[in-house]
Amino acid sequence: MKKAVFFDMNETLLNLSLLKKQFDKHFDDKYILKYWFTKLLHSSTIMGIMGDYRNFGELAGVALENLFFENNKSLSSEVKAEILGEFKKLPAYEDVRPALCVLRNNGIRVIAVSNSSLEMINEQLTNAGIIDLFDSYYSADNVGNYKPFKDIYLSAAQQEGLQTENIVMVATHDWDLYGAKKAGLTTAYIKRKQVIYNPYYLQPDFNALNLLDLIRQIIKAEN
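Here the structure is a predicted model, which means the values were calculated and not measured.

K.L.:
Help me get a handle on the overall build of the chain, residues and values and all.
P.N.:
Scanning the chain from terminus to terminus reveals nine helices and six strands. For the chain, the C-alpha atoms occupy an extent of roughly 55 × 35 × 35 Å along the three principal directions. Classification of the 223 residues of the chain by burial places 49% in the buried group. Long-range pairs, those at least 24 residues apart, make up 63% of the contacts in the chain between residues at least 6 apart in sequence. Carbon together with sulfur atoms contributes 50% to the accessible area of the chain, which is approximately 10,900 Å² in total.

K.L.:
How would you sum up empty space enclosed by the protein? Please name residues and give values.
P.N.:
Summed over the entire model, instances satisfying the criterion amount to one cavity of 30 Å³ or more. Taken as a whole, the largest cavity encloses approximately 100 Å³ of empty space. Its residues placed into classes, the lining of the largest cavity shows five nonpolar, five polar and two charged.

K.L.:
Pulling in residues and values, what's your account of the pattern of salt bridges?
P.N.:
Considering all chains together, one arrives at 15 salt bridges under this definition. The residue Arg192 makes a salt bridge to Asp95 at a minimum N-O spacing of 2.9 Å. A residue pair is termed long-range when its members are at least 10 positions apart, and Arg192 in the loop between β5 (186–190) and β6 (206–208) and Asp95 in the loop between α4 (77–85) and α5 (96–105) qualify at 97 residues. Of the charged contacts, one joins Arg97 and Asp132 as a salt bridge, the two residues approaching to 2.9 Å between their closest N and O atoms. Taken together, the residues Arg97 in helix α5 and Asp132 in the loop between α6 (118–127) and β3 (136–139) connect sequence positions 35 residues apart. Looking at Arg97, the relative accessible area reads 34%, which means it is partly exposed.

K.L.:
Just give me the short version of the nonpolar core, but keep the residues and values in it.
P.N.:
Grouped burial of nonpolar side chains is what soluble globular proteins tend to show. Formed by 55 residues in total, the largest nonpolar core has its most connected members in Phe7, Phe23, Trp36, Leu103, Phe134, Val170 and Leu211. Broken down by element, the residue count for this core peaks at seven residues, all from helix α3 (residues 56–70). Setting aside residues up to four positions removed in sequence, Phe23 forms contacts with Ile32, Leu33, Trp36, Leu64, Leu67 and Ile83.

K.L.:
A description of α3 should follow, citing residues and the corresponding values.
P.N.:
Counted at 1.5 Å a residue, the expected span for α3 with its 15 residues is 21 Å, and the 21 Å between its end C-alpha atoms agrees. Within α3 the residues assigned to the buried category are Phe56, Leu59, Ala60, Gly61, Ala63, Leu64, Leu67 and Phe68. For α3, the N-terminal cap is Asn55; the gap from its side-chain oxygen to the backbone nitrogen of Gly57 is 2.7 Å. Residue Asn72 follows α3 closely and has a positive phi angle near 55 degrees.

K.L.:
Go over a nonpolar patch on the surface with me, naming the residues and quoting the values.
P.N.:
On the surface, a nonpolar cluster with roughly 320 Å² of combined accessible area is contributed by Ile46, Ile49 and Met50. Residue placement: Ile46 occurs in helix α2 (residues 32–50). In this structure Ile46 comes out as partly exposed when scored by relative accessible area, which is 40%.

So, how was this worked out
- Residues numbered from 1 in each chain as written.
- Predicted model: local features only at pLDDT ≥ 70, side-chain atom pairs only at ≥ 80, totals over all residues.
- Heavy atoms only, no water.
- Helix = DSSP H or I, 4+ residues; strand = E, 2+ residues; numbered from the N terminus.
- Buried < 20%, exposed > 50% of the residue type's maximum accessible area, 1.4 Å probe, protein only.
- Contact = heavy atoms within 4.5 Å.
- Areas by Shrake-Rupley, 256 points an atom, 1.4 Å probe, with all protein chains shown as cover.
- 1 Å grid on protein atoms, 1.4 Å probe; cavity = no way out; pocket = protein on both sides within 12 Å on 5 of 7 lines; lining within 4 Å.
- Points joined across faces, edges and corners; volume = space filled by probe spheres on them.
- Nonpolar A, V, L, I, M, F, W, Y, C, P; charged D, E, K, R; others polar.
- Salt bridge = Lys/Arg side-chain N within 4 Å of Asp/Glu carboxyl O.
- Core = buried A, V, L, I, M, F, W, Y, C linked by side-chain atoms within 4.5 Å.
- Expected span 1.5 Å × (residues − 1).
- Polar contact = N/O pair within 3.5 Å; in protein donor to acceptor, adjacent residues only side chain to side chain.
- Patch = residues over 30% accessible without salt bridge, like charges linked within 9 Å, V, L, I, M, F, W, Y side chains within 5 Å.

Below, the structure is given as C-alpha cells:
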C-alpha cells in the first residue's frame, strides 16, 4: 500500500518560466537555461561520484559564472543574485494544487525531496502557495549527497518511518526516477517537456502529461 508520494520540485511542481525570462535578458539562445541546468547536474553528479559535497546553490552559482564566461559576458554580483533569486519565486503549475489535494484527501503523505537546501525548499513552497499541502520536505544537505544517488531517497523514507515499497517518487527528470527506482521506490513520470525518456534507464511505473491524471493512476492502482 502506498503511504507517501515524494516529489521533485524544479520543473516537476514549479514552472521555470520566470527563470527563463532572466536568462533571456542576457542570452539570445532558447536552450541556454537547459544548458546551464545540465552543467549544474553534471557538476553535482561528478561531486557525488568522487564523494565530495557542496551546497547545490553554490554549484548553481559556479555553473552560472561559467556560462557567462563561456559566452564572453561579464557577470556582476547583482545580476548573479537576481538570476539565482528567481528560483525562490517559481510558480506552481496549474495542475499541482488539485493533484496534491487528491493525495491528501486519500490519506497519502505529500513530501518534497530536493537537491536544494531546506531554506530554499521552504521559500519555494511558500512563494508558490503550496506549502500548506506538504507534510514534510527533505534536502540533499541532510545526507551530503545529491539525487539521483540513493542516499536522499532512503534517508527521507527512514525519517518518515516508511518502507520503500510504500513510496512513489514523482518527477519530470528521468535521471531522478532512475535513482529512486534503484533505491526501491515506485516511480511516476510527469512529462513537462518535449524529451525522450532515456531507454537505458529503469522505466517508470506510471506516466502522464498532467499531474492530476498521474496521481489518479497511482491511487487507482491501489484499489
